[in-house]
Amino acid sequence: MQKMILLGDEAIAQGAIDAGLSGIYAYPGTPSTEITEYIIASKEAKNNGIVANWTANEKTAVETALGMSYAGKRAMACMKHVGLNVAADPFINSAVTGINGGLIVVSADDPSMHSSQNEQDSRFYGKFALLPILEPSNQQEAYDMVHYGFDLSEKYQIPVLFRITTRLAHSRSGIERKAKRAQNEMTLPGDLKQFVLLPAIARRRYKGLLGLQPQLENESENSGWNQYTDGPDKSLGIIAAGLAYNYLLENFPEGNIPYPVLKIGQYPLPRLWVEKIANECETLLVLEEGMPVIEEMLKGYLGNCLNIKGRLDGTLPRDGELNPNLVAVALGGKMIRGEEVPSLVVPRPPSLCAGCPHTDSYLALNEAMKVYGKGRVFSDIGCYTLAALPPLEAINSCVDMGASITMAKGAADAGLVPAVAVIGDSTFTHSGITGLLDAVISKSPITILILDNSTTGMTGGQPSAATGRIAEICKGIGVEEEHIRILKPLRKNHDENVKIIAEELAYPGVSVVIPTRECVQTLNRRMREKFKNKKTE
Amino acid sequence: MIMKNDIILAGVGGQGILSIAAIIGTAAVSRGLYVKQSEVHGMSQRGGDVQSHLRLSSRPIASDLIPTGAADMIISVEPLEALRYLPWLKKEGWIITNTKPFVNIPNYPPLEEVLATIASKPHHVMIDADEIATEIGSARSANMVILGASTICLDLPFEELEQAIRSVFGKKGEEIVHTNLSALRAGRDFALQHKNQA
């Protein structure tokens, strides 16, 4: 069979389809989005009856996947690294409940913050939850590890965390597929109290989870994803995890690495191999993408007895993603670069598209805010965060999904009246609704703009759970009907829109303004499809 | 003999560099070569600078990223973007770039300075791909003109790239395939006449 050329994300998706997946649940987030998109678009997945849903947020995704696992089938939940913060509650507790059908949680980290607000390392969550972690170094491993991950999950009856990083998620390479495996039949858990985490049951199950740890370590030593390769020069031993292993190989194109190398693709760390390399080599160099997780584990708190190089001693930068050149320097080589960027080359930051409805919403907001001055607009995560940059410079915060509404409430409590929140429709259903309820209960003097473009724009236009029902949701939560104002963000409506926003800013209670106009990207796509269909008719 | 092409594709979000990558990648795979291609998704796609690292080799490829100082060529659909990735280009590397600017920033430097800087590099092909694309009746295939110009440096047979265009655009109909093939050939012909080698 000819190889399939797939993104790392797509390799995971195809791996899941071939490994007998029954359901995948996710909230879009770069760099994880294409996993679920691939399965939603896959005819094969559809024919096999695989359920593929965008969910309200990452927490509901993991919970739904856990429910499918409860009923005996294989399930997957996918998210970006910060999504795992949202899903941390069900994720950590799922380690204690255990599973019935195989369960894999994929978390895609974004070191260097290409499209994120931090560069947290999901491996901490795996360690925290006492769960095994798989970390592929290339697209083929990403594909193969899904099969293994479901086996591992079902063998030990626990979820498995699958950690990838941006460069693997968004890089294509050839994949060879395995034979396809059937889905599980629906079955109830053998113990119908397994998932009831009352203290007495949770204590028993937690002891069971702790008791599994030596076996999980043993798996790490024998599964083949962690590999020890000997080398004649013991002055240095190299531990390379996930993608970092590729950058190591890149520096030895003939494959002649003189040092012992321990390649890490599975956690908990394989104690046997780590001890071997530490005992045999004078110095250890730890190469890992993301935070110095392995390095800190090896060093401990007082760990000066070992000579360990990595991100903590400055051999590698403490932050940002690795690359072949940084690894070359860590190995004692030189930094090789072409010519420097000429000084005339200026940055080209991302910007809102021409014709974007958000621009018109912000132009109206900026004008209505003039009388109050700058510094009062809390915003959220989405395309509309770009309004922080010139020319709009309209917003003053972007923290986490939903924080615009709650931060505006807190600031209003402190006396900043009026305080404004700007949030997108999809972000609102993800995590804004609960904050709005807080504000309504306190009768906070805040004005919330819910920018409704009927899609999840930044990640490429996935459906938004709130489309067509935002006003109803606000009404249901208790926002007064006369202070729910829908407007159409167009240049020709500017004066009227400014007036509406100004009226609501003046109202000393919760008001919601909903500028409603479809994203120009999804609109263009729809029109192209329509035109194409007309042509073929 | 070992075949290896390390290519930086550059442009502005939405200009179609991934179509170029898909065609070169398809051609390379049909030749039995190894391919790795890293892309930029997410925030930068909104009119920001985007790049793709495309690696072809007769041997397995380790890193998804091309090391700095190691790229054989920069293929850019926008002149300012061609210069942004100079640290990746090796000394004898080629720049194949569109000369038509995409101005979506207020401080875009004077175009003649941008073009003069590119022209000062020893190996380059500068081509007004938009104009050539318009001449052949399809302004949207400027990226295929650039791809055509780059074929003079690629270690892939031209016919293989033509075949890749047929297979990638085949679903969109014979007309689209034909336009893109014309753009590809026009780009190559221009490059053969105008390549600069000091």
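Some words on the domain arrangement of chain A
Residues and elements named next belong to chain A. Each assigned domain of chain A is listed with its residue range as follows: domain 1 (4-189 + 196-222), domain 2 (227-299 + 306-330) and domain 3 (357-522). Placing a centre on the C-alpha atoms of domain 1 and another on those of domain 3 gives a separation of 34 Å. Its largest share of buried area at the contact with domain 3, domain 1 owes to Tyr27, Trp54 and Gln117, together 46% of the area lost on that side. Where domain 1 meets domain 3, there are zero salt bridges. When the residues that make up the side of domain 1 that touches domain 3 are grouped by side-chain class, the tally is five nonpolar, five polar and two charged.

Some words on the sheet that holds strand β15 (residues 377-378) of chain A
Residues and elements named next belong to chain A. Spatial strand order, β15-β16-β17-β19-β18: five strands in an open sheet with parallel pairing. Pairing within the sheet leaves two strands with one partner each, and these edge strands are β15 and β18 (484-487). Pairing of strand β17 (residues 446-451) with strand β19 (residues 511-515), which is carried by three bridges, proceeds in the parallel orientation. The partner of Thr447 across the bridge, within β19, is Ser511. Of the strands in this sheet, β16 (419-424), β17 and β19 touch helix α17 (residues 425-442), which is tilted by about 145° from β16.

Overview of the packing of aromatic side chains
Evaluated as defined, the whole model comprises four aromatic pairs over all chains. Centroid distance Tyr228 of chain A to Trp273 of chain A: 5.8 Å. Interplanar angle 20°. Geometry classified as stacked. Placement of the pair is Tyr228 of chain A in strand β9 (residues 227-229) and Trp273 of chain A in helix α12 (residues 271-280), with a sequence separation of 45 residues. Take Tyr228 of chain A: its relative accessible area is 16%, and that puts it in the buried class. Classification of Trp273 of chain A as partly exposed rests on a relative accessible area of 23%. In this structure, Lys263 of chain A packs its charged tip against the face of Tyr245 of chain A, placed 5.2 Å from the ring centre. Directly above the aromatic system of Phe158 of chain B lies the positively charged group of Arg188 of chain B, at a separation of 4.0 Å from the ring centroid.

Side note on the environment of Asn218 of chain A
Among the structural elements, Asn218 of chain A can be located in helix α10 (residues 199-222). As for Asn218 of chain A and Asn307 of chain A, which are separated by 89 residues in sequence, their C-alpha atoms are 26 Å apart.

Observations regarding the pairing of strand β6 (residues 123-127) of chain B
All names here are of chain B. Within β6, five of the five residues are buried, leaving the element largely enclosed by the surrounding structure. Alternating residues of β6 divide into His123, Val125 and Ile127 and His124 and Met126, and every residue in both groups is buried. Handedness of the crossover is the feature at issue here: the chain leaves strand β5 (residues 89-98), passes through helix α3 (residues 111-119), returns alongside β6, and the resulting connection is right-handed.

Quick word on the pattern of salt bridges
All names here are of chain A. One pass over the structure, following the stated rule, counts 44 salt bridges over all chains. Across the salt bridge formed by Arg517 and Asp360, the nearest N and O atoms sit 3.0 Å from each other. Placement of Arg517 in the loop between β19 and α20 (520-536) and of Asp360 in helix α15 (residues 357-369) is noted, with a sequence separation of 157 residues between them. Like Asp360, Arg517 is buried. Linked through salt bridges whose partners overlap, the residues forming this network are Asp109, Asp121, Arg123, Glu135, Arg163 and Glu288.

Some details on the packing of helix α1 (residues 17-30) of chain B against helix α6 (residues 158-169) of chain B
Residue and element names in this part refer to chain B. It is at 8 Å that the axes of α1 and α6 come closest, and there the two elements cross at 115°. Crossing geometry of α1 relative to α6 is assigned as right-handed. Across from Ala22, Ile23, Ile24, Thr26, Ala27 and Ser30 in α1, the residues of α6 making contact are Glu160, Leu161, Ala164, Ile165, Ser167, Val168 and Phe169. Looking at the contact of α1 with α6 residue by residue, the classes come out as nine nonpolar, three polar and one charged.

Description of a positive patch on the surface
There is a patch of like positive charges on the surface, built from Lys43, Lys46, Arg525 and Arg528 of chain A together with Arg140, Lys171 and Lys172 of chain B. Within the residue set of the positive patch, elements represented by two or more residues are α3 (43-47) and α20 of chain A. Mapping Lys46 of chain A onto the fold places it in helix α3.

With respect to the nonpolar core
All names here are of chain A. In this structure, Ile39, Met76, Ile238 and Leu248 are the most contacted members of the largest nonpolar core, which totals 101 residues. Counting residues per element, this core draws most heavily on helix α8 (residues 139-156), at eight residues. Two domains each donate at least three residues to this core, and these are domain 1 (4-189 + 196-222) and domain 2 (227-299 + 306-330). Residues within four places of Leu248 in sequence aside, it is in contact with Ile238, Ala240, Ile257, Val261, Leu287, Val327 and Leu331. Of all hydrophobic cores here, the second largest spans 50 residues; its members include Leu352, Tyr384, Ile405 and Ile450.

Quick word on the pairing of strand β4 (residues 74-80) of chain A
Residue and element names in this part refer to chain A. Along β4, seven of the seven residues are buried, which leaves the element largely enclosed by surrounding structure. As paired strands, strand β2 (residues 21-26) and β4 are joined by five bridges and run parallel to one another. Looking across to β4, one finds that Tyr25 is bridged to Ala77. As paired strands, β4 and strand β5 (residues 103-109) are joined by six bridges and run parallel to one another. The residue of β5 that forms the bridge with Met79 is Ser107.

Quick word on helix α19 (residues 494-506) of chain A
Residue and element names in this part refer to chain A. With 13 residues, α19 ought to run about 18 Å at 1.5 Å a step, and its terminal C-alpha atoms sit 18 Å apart, in line with that. Within the sequence span of α19, burial applies to His494, Asn497, Val498, Ile500, Ile501, Glu504 and Leu505. Each buried residue of α19 sits inside an arc of 165° when the element is viewed along its axis, so together they form one side. Facing away from the buried side of α19, by more than 90 degrees, are the exposed residues Asp495, Glu496, Lys499 and Ala506. Contacts from the buried residues of α19 go to α15, β16, β17, β18 and β19.

What counts as what
Starting from 1, residues in each chain are numbered consecutively following that chain's sequence as written. Chains and ligands are labelled sequentially in the order written, the chains with letters from A and the ligands with numbers from 1. The predicted origin of the model limits local features to residues at a pLDDT of at least 70 and limits the giving and counting of side-chain atom pairs to 80 or more, whereas totals for whole chains, interfaces and linings rest on all residues. Excluded from the side-chain calculation are hydrogens and water; included are all heavy atoms of the structure. All the domain ranges listed were derived from an automatic or database domain assignment. Once two parts are brought into contact, the accessible area they lose, counted with a 1.4 Å probe and summed over both, makes up the buried area. The term salt bridge refers to a pairing of a side-chain nitrogen on Lys or Arg with a carboxyl oxygen on Asp or Glu at a separation within 4 Å. Polar here means any residue other than Ala, Val, Leu, Ile, Met, Phe, Trp, Tyr, Cys and Pro, which are nonpolar, and Asp, Glu, Lys and Arg, which are charged; Gly is therefore polar. Strands qualify as paired when DSSP identifies two bridges or more between them. A helix here means a DSSP run of H or I that spans at least four residues, while a strand means a run of E at least two residues long, and both kinds are numbered starting from the N terminus. Contacts between residues were defined by any pair of non-hydrogen atoms, one from each residue, lying within 4.5 Å. Only C-alpha atoms enter the line fits that serve as axes; for helices the fit covers just the stretch in contact. Angles between N-to-C directions range over 0 to 180 degrees. When the centres of two rings from Phe, Tyr and Trp lie within 6.5 Å, Trp using its six-membered ring, the rings pair. Their planes under 30 degrees apart give stacked, over 60 give edge-to-face, and anything left gives tilted. Burial status follows relative accessibility: with a 1.4 Å probe on protein chains alone, a residue under 20% of its type maximum counts as buried, one over 50% as exposed, and anything between as partly exposed. Remark: a charge is flagged as sitting over a ring if the NZ atom of Lys or the CZ atom of Arg is within 6 Å of the ring centre and within 35 degrees of the ring normal. Seen with its strands pointing away from the viewer, a crossover is right-handed when the path leading from the first strand over the helix to the second is clockwise. Note: crossing handedness is left-handed where the near helix turns anticlockwise from the far helix by less than a right angle, and right-handed where it turns clockwise. Each patch is built from residues that are more than 30% exposed by relative accessible area and take part in no salt bridge. Like charges join if they lie within 9 Å; nonpolar side chains (Val, Leu, Ile, Met, Phe, Trp, Tyr) join within 5 Å. Each accessible area is a Shrake-Rupley estimate made with a 1.4 Å probe; only the visible protein chains count as cover when residues are assessed. Charge assignment: positive for Lys and Arg, negative for Asp and Glu; neither His nor the chain ends contribute. Think of each charge as sitting on NZ of Lys, CZ of Arg, CG of Asp or CD of Glu. Definition of nonpolar core: a set of buried residues of the types Ala, Val, Leu, Ile, Met, Phe, Trp, Tyr and Cys, connected through side-chain atoms within 4.5 Å. In this scheme, a helix's expected span is set at 1.5 Å multiplied by one less than its residue total. The arc in question is the one traced by the directions running from the helix axis out to the C-beta atoms.

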